[in-house]
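Topology and contacts: notes
Listed below are the residues making up each chain.
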Amino acid sequence: MKRRIVALGTVVALGFGLSACSGGGAGSDVIILRVALNQTETHPSYVALSNYSDRLEEQTDGRMRLDIFPNETLGAQAEVLQLLSDNIIDLGIISGSQMENLSGDFLVLNMPGVFDSVEHQMPVVHDPEIVGELYTSLEDSNDITVMGGFTQGSRHIYTKNKVTSLADLDGVKIRVQESELNLAMIRALGGSPTPMAFGEVYTALQSGVLDGAENNEVSYFTQKHFEVAPFFTNSNHLVGLDYMVASTEMLEGLAPEDRQLLEDEWINTYENHTQLWDEATQEAIEGAQAGGAEWVEIDQEEVRAALEPLADEFLTTPTQRELYDKIRAAAPGQED
């Protein structure tokens, strides 16, 4: 495969091996695809990717597999995108906010309220009629192709004091990831957004620097934030997304039957991940509640009405608006 020969010097310089290729005609090479991941070996993304590799190996009698590098072994996500663009690695799991840096159109899928739920999100992000052009839009400029996505689950607000309506968020300091969209999101909900590194949140909640934060149930539990912010309000303001991003040249270098297998098994992989995520979410809820956390309901329509004006503020092109409208039209209960 051409890309592995071209990238050899760079790969060796980075200190990890070359994907192995041997054999004769199309479809007979041994294919080892390098995958970059920023999660641990216990995360649903790692487990789903490991299962992906096992299925590829089984269906090719060991000729194709994935070599997964977790824990940011190959660098932070911005670096991984560059490695993919340079055809040095083959696949990477990349957050939606990182993809925005390459094309503003990816902002649409990061908008608060664009997805109602994981059940709405996953069919949309794998529907070529909705996202097909977006996923191939970086092939010429960056030599990367988006294959689909893993859900990050629904994100909610959790606080030191109980929040039962948006009025209760007035002046409440909520940690957010640092971006204009995230800052505007918390302001729209009535809170006071406070950008902060994720690793600092527990101490900030404990000391009173923060009054709350926003995240999914899994992070709430695994980071033990329920110990210092025991009220978890089901705001469902955002459904997060990670993308499976591939080297375009790698995909084009595969024999047609190998590429078809890789894409077919990707379908099984994101479905497997969604199931794993659901199981991890239920375990997190039960664990946090056992640790003293209280789940609080809030009016979902009140949340959606507060977030809707963000679309007019942040979606500034006809392409972005059209994509947003297609996604909203695909929401359960919205279809014709």
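What you see as residue numbers is a count from 1 along each chain, following the sequence as written. Owing to the predicted nature of the model, reporting of local features is limited to residues with pLDDT of at least 70; listing and counting of side-chain atom pairs is limited to 80 or more, with chain, interface and lining totals taken over all residues. Note that the side-chain values use all heavy atoms of the structure and ignore hydrogens as well as water.

1. Focus: the pairing of strand 3 (residues 91-95)
- The element strand 3 is extensively covered by neighbouring structure, given that five of its five residues are classed as buried.
- When DSSP finds at least two bridges between two strands, those strands are taken to pair. Only DSSP runs of H or I covering at least 4 residues are called helices, and only runs of E covering at least 2 are called strands; the numbering of each starts at the N terminus. Across two bridges, strand 1 (residues 31-36) lies against strand 3 in parallel orientation. Following the sheet pairing, A36 is matched in strand 3 by G92.
- With five bridges joining them, strand 3 and strand 8 (residues 231-247) adopt antiparallel strand pairing. Paired with I94 across the bridge in strand 8 is Y243. Burial classes follow relative accessibility: with a 1.4 Å probe on protein chains only, a residue under 20% of its type's maximum area counts as buried, one over 50% as exposed, and anything between as partly exposed.

2. A look at the packing of aromatic side chains
- Pairing of aromatic rings covers Phe, Tyr and Trp, the last through its six-membered ring, and needs centres within 6.5 Å; plane angles under 30 degrees mean stacked, over 60 mean edge-to-face, and all others mean tilted. Throughout the structure, instances matching the rule amount to 12 aromatic pairs.
- Plain terms: the ring middles of Y158 and F232 are 6.1 Å apart, the flat faces sit at 10 degrees to each other, and that makes the pair stacked. Linking Y158 in strand 4 (residues 144-159) with F232 in strand 8, this pair joins segments that are 74 residues apart in sequence. A single burial state applies to Y158 and to F232, both of which are buried.
- Where Y220 meets F232, the ring centres are 4.8 Å apart and the plane angle is 50 degrees; that geometry is what we call tilted. Pair noted here: Y220 is in helix 11 (residues 217-222) and F232 is in strand 8, with a separation of 12 residues, a long-range link.

3. Examining the environment of I93
- Relative to the helices and strands, I93 is located in strand 3.
- Judged by its relative accessible area of 3%, I93 is buried.
- Placed 47 residues apart in sequence, I93 and Y46 show a C-alpha to C-alpha distance of 9.9 Å.

4. Quick notes on the confidence of the model for the protein
- pLDDT is a residue-level measure of predictor confidence that goes from 0 to 100. Here the protein shows a mean pLDDT of 91. Residues at 70 or above account for 91%.
- Contacts are assigned to residue pairs that have any heavy atoms within 4.5 Å of one another. In the predicted structure, residues 1-27 sits below a pLDDT of 50 and forms 54 contacts with residues beyond four places in sequence or in another chain.

5. Focus on the environment of Q320
- Along the chain, Q320 turns up in helix 16 (residues 318-329).
- In terms of polar contacts, Q320 uses its side chain to reach the backbone amide nitrogen of T316, at 2.8 Å. Distance and chemistry together define a polar contact, namely a pair of N or O atoms within 3.5 Å, with one atom able to donate a hydrogen and the other to accept it when in protein, and with adjacent residues in sequence counting only for side-chain atoms on both sides.

6. Concerning helix 3 (residues 44-59)
- The span expected for a helix works out to 1.5 Å for each residue beyond the first. The terminal C-alpha atoms of helix 3, which comprises 16 residues, lie 23 Å apart, in line with the 22 Å expected from a rise of 1.5 Å per residue.
- Every buried residue belonging to helix 3 is among P44, S45, Y46, A48, L49, Y52, S53 and L56, and all of these are buried.
- Where helix 3 is buried, its residues contact strand 1, strand 2 (64-69), strand 3, strand 4, strand 8 and helix 13 (256-290).
- Looking one or two places after helix 3, you find D61, whose phi comes out positive at around 55 degrees.

7. Considerations on the pattern of salt bridges
- Think of a salt bridge as a Lys or Arg side-chain nitrogen and an Asp or Glu carboxyl oxygen that are within 4 Å of each other. For the coordinates displayed, the defined rule picks out 11 salt bridges.
- Salt-bridge contacts for E294 lead to K162; the nearest nitrogen and oxygen are separated by 2.9 Å. Placement of the pair is E294 in strand 9 (residues 294-296) and K162 in the loop between strand 4 and strand 5 (173-176), with a sequence separation of 132 residues.
- The class for K162 is partly exposed, based on a relative accessible area of 42%.
- Through salt bridges with shared partners, a single network forms among D116, R304 and R328.

8. Topic: helix 4 (residues 77-85)
- The complete set of buried residues in helix 4 reads Q77, V80, L81, L83, L84 and S85.
- Of the residues trailing helix 4, N87 is marked for its positive phi of about 65 degrees.

9. Points about the packing of helix 3 against helix 13
- The interhelical angle for the contact between helix 3 and helix 13, taken along N-to-C directions, is 145 degrees, at an axis separation of 9 Å. Regarding helix 3 and helix 13, the two cross each other, and that crossing is right-handed. Seen from helix 3, the contacting residues are P44, S45, V47, A48, N51, Y52, R55, L56 and Q59; seen from helix 13, they are L261, L262, E265, W266, N268, T269, N272, H273, L276, W277 and A280. Only the stretch in contact is used when a helix axis is fitted, and all axes are lines through C-alpha atoms; the angle between N-to-C directions ranges over 0 to 180 degrees. Crossing chirality is assigned from the near helix's rotation relative to the far helix, an anticlockwise turn below a right angle marking it left-handed and a clockwise turn marking it right-handed.

10. Let's talk about the nonpolar core
- In terms of nonpolar packing, the biggest core is built from 83 residues, with M99, L109, M111 and L262 touching the most fellow members.
- If one sorts the elements of this core by residue count, strand 8 sits on top with six residues.
- In this structure, M196, V201, A213 and A229 belong to the second largest nonpolar core, which totals 16 residues. Nonpolar core, defined: a set of buried Ala, Val, Leu, Ile, Met, Phe, Trp, Tyr and Cys residues in which side-chain atoms within 4.5 Å join the residues together.

11. Quick word on the pairing of strand 5
- Note that strand 5 and strand 6 (residues 192-195) share four bridges and pair parallel. Bridge pairing in strand 6 places V176 opposite P195.
- The β-α-β motif built from strand 5, the intervening helix 9 (residues 180-188) and the parallel element strand 6 has right-handed crossover chirality. Seen with its strands pointing away from the viewer, a crossover is right-handed when the path leading from the first strand over the helix to the second is clockwise.

12. Details of the side chain of T194
- Inspection of the secondary structure puts T194 in strand 6.
- Note on T194: relative accessible area 18%, which makes it buried.
- Dropping the residues within four chain positions of it, T194 is found in contact with K173, I174, R175, V176 and L210.

13. Observations regarding the environment of R55
- Locating R55 in the fold gives a position in helix 3.
- Not counting chain neighbours up to four residues away, the residues in contact with R55 comprise E265, N268 and T269.
- Polar contacts involving the side chain of R55 include one to the side chain of E265, which spans 2.5 Å.
- A distance of 2.6 Å separates the side chain of R55 from the side chain of T269, its partner in a polar contact.

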